[in-house]
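Tertiary structure, described
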Amino acid sequence: MEIDFYESFDYGKSVSVGKKLWNDILQIEYLDQINDVEDIIPEGHDGEGEKIERIHLEGIRNQLINGFSKLLTKYSKKSRDETNIKDLSTILEILISINTSSITHMKFDI
C-alpha cells in the first residue's frame, strides 16, 4: 500500500505504508469527503493519453495536513518500538510531501 505524489502529471515519489497505519490513515477525518478527479495524461508525459484518478491538493492541503498531524500526535503517544518509529517516519514523510508546494496531486494505491 502506497501513497503516490505527483508534480502536475510528473510522478514525484511514493510512500509505502504498512497495513495498520494504512487503516488509521483511512480513518482520518475529512478523507471521506474527498473525491478523486479523473484526468487524461497529456502528450509529453509518461503514460500520455491514459486516464488517471487522483486527488487534487489545491484547496484541501491544509485539511490533509491537519488530519495527518492528528495521526502523528496519536502515534507519538505510543511506546517507541521499531514499528512505531517506522510509522512515525512514514507519517512525517507524507506530511512533508503534502506540504510541498510543487506536489499538486496524490493517489492512494492499494
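Described in the following lines is the structure provided in the data block. Quick caveat, the model's predicted, so the values are computed rather than measured.

A few words on the environment of S89. Following the sequence through the fold, S89 ends up in helix α3 (residues 82-99). A C-alpha to C-alpha distance of 9.3 Å links S89 and L72, two positions 17 residues apart in sequence.

Before going further, it helps to examine α3. Since one α-helical turn is 3.6 residues long, residues separated by three or four positions face the same way. Over its 18 residues, α3 extends 26 Å from the first C-alpha to the last, a length consistent with the 26 Å expected when each residue adds 1.5 Å. Where α3 is concerned, the buried positions are N84, D87, L88, T90, I91, I94, L95, S97 and I98. At its buried positions, α3 is contacted by β1 (2-7), β2 (10-16), α1 (19-26), α2 (61-76) and β5 (105-109). With a side-chain oxygen lying 3.2 Å from the backbone nitrogen of T83, the N-terminal cap of α3 falls on D81.

Here the focus is the nonpolar core. The tendency in soluble globular proteins is for nonpolar side chains to be buried side by side. Of all hydrophobic cores here, the largest spans 25 residues; its most connected members are I3, I25, F68 and I94. Sorting the residues of this core by element identifies β1, α1, α2 and α3 as the ones contributing at least two each. Take this core: its biggest share by element is five residues, from α3. The contacts of I3, once residues within four sequence positions are left out, are K13, S14, V15, V17, W22, I25, F68, I94, M106, K107 and F108.

Attention now goes to unusual backbone geometry. At S8, a position not held by glycine, the phi torsion is positive, near 60°. Mapped onto the elements, S8 comes out in the loop between β1 and β2. Residue classification places S8 among the partly exposed positions, given a relative accessible area of 36%. You will see that Y30, though not glycine, has its phi angle at about 90°, which is positive.

Sheet analysis places β1 next to β5, joined by five bridges and oriented antiparallel. Residue pairing for β5: I3 is matched across the bridge by F108. The pairing of strand β4 (residues 51-56) with β5 spans two bridges and is antiparallel. Its bridge partner lying in β5, I55 is registered against M106.

The subject of this paragraph is the packing of aromatic side chains. Per the counting criterion, the structure on display carries two aromatic pairs. Ring geometry for Y6 against Y11: centres 6.2 Å apart, planes inclined by 80°, an arrangement best described as edge-to-face. When the ring of W22 is compared with that of F108, the centres are 5.7 Å apart and the planes differ by 80°; the resulting orientation is edge-to-face. Placement of W22 in helix α1 and of F108 in strand β5 is noted, with a sequence separation of 86 residues between them. The exposure class assigned to W22 is buried, which follows from its relative accessible area of 3%. For the cation-ring pair, R54 lies above F9, with the distance from its terminal atom to the ring centre recorded as 4.5 Å.

The rules behind each value
- Residues numbered from 1 in each chain as written.
- Predicted model: local features only at pLDDT ≥ 70, side-chain atom pairs only at ≥ 80, totals over all residues.
- Heavy atoms only, no water.
- Helix = DSSP H or I, 4+ residues; strand = E, 2+ residues; numbered from the N terminus.
- Expected span 1.5 Å × (residues − 1).
- Buried < 20%, exposed > 50% of the residue type's maximum accessible area, 1.4 Å probe, protein only.
- Contact = heavy atoms within 4.5 Å.
- Polar contact = N/O pair within 3.5 Å; in protein donor to acceptor, adjacent residues only side chain to side chain.
- Core = buried A, V, L, I, M, F, W, Y, C linked by side-chain atoms within 4.5 Å.
- Pairing = 2+ DSSP bridges.
- Phe/Tyr/Trp six-rings, centres within 6.5 Å; stacked < 30°, edge-to-face > 60°.
- Lys NZ or Arg CZ within 6 Å of the ring centre and 35° of its normal.

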